[in-house]
Amino acid sequence: MDQPGISQYDISKCSGRVVTRVLRQGTWEGGLMVNSLSLWMIPTGIIHAVGSVGWAGLFSTGIGNTPFEDTVEAVLKLATDTSVNGRLLGVVPHDIASEGYLDLDRDDQKEGDFVTRLEKDTIAALKIWNAKQ
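Participant: So, the overall build of the protein: which residues are in play, and what are the values?
Facilitator: Across its full length, the protein holds five helices and three strands. Going from the N terminus to the C terminus, the protein shows its helices and strands as α-β-α-α-α-β-β-α. Expressed as a percentage of the 133 residues in the protein, the buried residues total 22%. At a minimum sequence separation of 6, the contacts of the protein that also span at least 24 residues come to 56%.

What follows is the structure, encoded as structure tokens:
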């Protein structure tokens, strides 16, 4: 999500997503799952240190926050559900997802997209090439 005025924060979040995408392609073969967690605003001491006026003003717009417990639930999902690999889970307000988190579905090409075909072809070719090495 783009946030004007804090480009270094945005870049760090995008970088984490790219690392997840790159690592998920081969690490599962060795039994390692790679996922990312994207947090919405959680009322913590760190946020409050920014200033209660800013915090209160932000939430007075109806933007909503997320309880810390939802983050714990999302981490447990990623740590225990072996069917989840290479995904980006978002911890979001309950009016968006009743569980407090959901798969953001932002880091995959869609079926039928030309990039999906190229990605699959490239992965298959690399597996053949690596097997010959």
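Still to come is the rest of the account.
Participant: I'd like a rundown of the sheet that holds strand E1 (residues 36-39), residues and numbers included.
Facilitator: The sheet built from three strands is open, its strands ordered E1-E2-E3 with mixed pairing. Every other strand in the sheet has two partners, leaving E1 and strand E3 (101-103) as the edge strands with one partner each. Between one strand axis and the next, the sheet turns by 25 degrees as a mean value, whatever way the strands run.

Participant: I'd like a rundown of the pattern of salt bridges, residues and numbers included.
Facilitator: Under the definition given, this model contains four salt bridges. The salt bridge involving Asp105 is made with Arg87; its shortest N-O contact spans 3.6 Å. Taken as a pair, Asp105 in the loop between E3 and helix H5 (114-132) and Arg87 in the loop between helix H4 (68-80) and strand E2 (88-91) lie far apart in primary sequence, 18 residues in all.

Participant: Lay out the pairing of E2 with the relevant residues and their values.
Facilitator: For a regular strand, side chains alternate in direction, first toward one face of the sheet and then toward the other. Of the two faces of E2, the one holding Leu88 and Gly90 and the one holding Leu89 and Val91 are both buried throughout. Two elements, E1 and E2, share four bridges in a ladder whose sense is parallel. When the bridges of E2 are listed, Ser38 appears paired with Gly90. As judged from the three bridges shared by E2 and E3, these two strands associate in the antiparallel manner. Directly across from Leu89, in E3, lies its bridge partner Asp103.

Participant: An account of the nonpolar core is requested, with residue identities and associated values reported.
Facilitator: If you look at soluble globular proteins, the nonpolar side chains tend to sit buried side by side. By size, the foremost hydrophobic cluster in this structure holds six residues: Ala74, Leu78, Val84, Leu89, Val91 and Tyr101. Mapped by element, the contributors of at least two residues to this core are H4 and E2. Excluding residues that lie within four positions of it along the chain, Leu89 makes contacts with Ser36, Leu37, Ser38, Ala74, Lys77, Leu78, Tyr101, Leu102, Asp103 and Leu104.

Participant: Go over the side chain of Asp70 with me, naming the residues and quoting the values.
Facilitator: By secondary structure assignment, the location of Asp70 is in helix H4. Among buried charged residues, Asp70 stands out as having no salt bridge; its nearest opposite-charge side chain is Lys77, 14 Å away. Ignoring sequence-local partners within four residues, the contact set of Asp70 consists of Val91, Val92, His94, Glu99, Gly100 and Tyr101.

Participant: Please provide a residue-by-residue account of the environment of Gly100, values included.
Facilitator: Position of Gly100 among the secondary structure elements: in the loop between E2 and E3. As a C-alpha pair, Gly100 and Glu69 span 31 residues in sequence and 8.8 Å in three-dimensional space. Ignoring sequence-local partners within four residues, the contact set of Gly100 consists of Asp70, Gly90, Val91, Val92 and His94.

Participant: Break down the side chain of Asp81 for me, with residues and values.
Facilitator: Position of Asp81 among the secondary structure elements: in the loop between H4 and E2. Here the side chain of Asp81 touches Ser83 through a polar contact of 2.5 Å, side chain to side chain. The contacts of Asp81, once residues within four sequence positions are left out, are Met33 and Leu76.

Calculation criteria
Residues numbered from 1 in each chain as written. Predicted model: local features only at pLDDT ≥ 70, side-chain atom pairs only at ≥ 80, totals over all residues. Heavy atoms only, no water. Helix = DSSP H or I, 4+ residues; strand = E, 2+ residues; numbered from the N terminus. Buried < 20%, exposed > 50% of the residue type's maximum accessible area, 1.4 Å probe, protein only. Contact = heavy atoms within 4.5 Å. Pairing = 2+ DSSP bridges. Axes fitted to C-alpha atoms, helices over the stretch in contact; angles between N-to-C directions. Salt bridge = Lys/Arg side-chain N within 4 Å of Asp/Glu carboxyl O. Core = buried A, V, L, I, M, F, W, Y, C linked by side-chain atoms within 4.5 Å. Lys, Arg positive; Asp, Glu negative; His and termini not counted. Polar contact = N/O pair within 3.5 Å; in protein donor to acceptor, adjacent residues only side chain to side chain.

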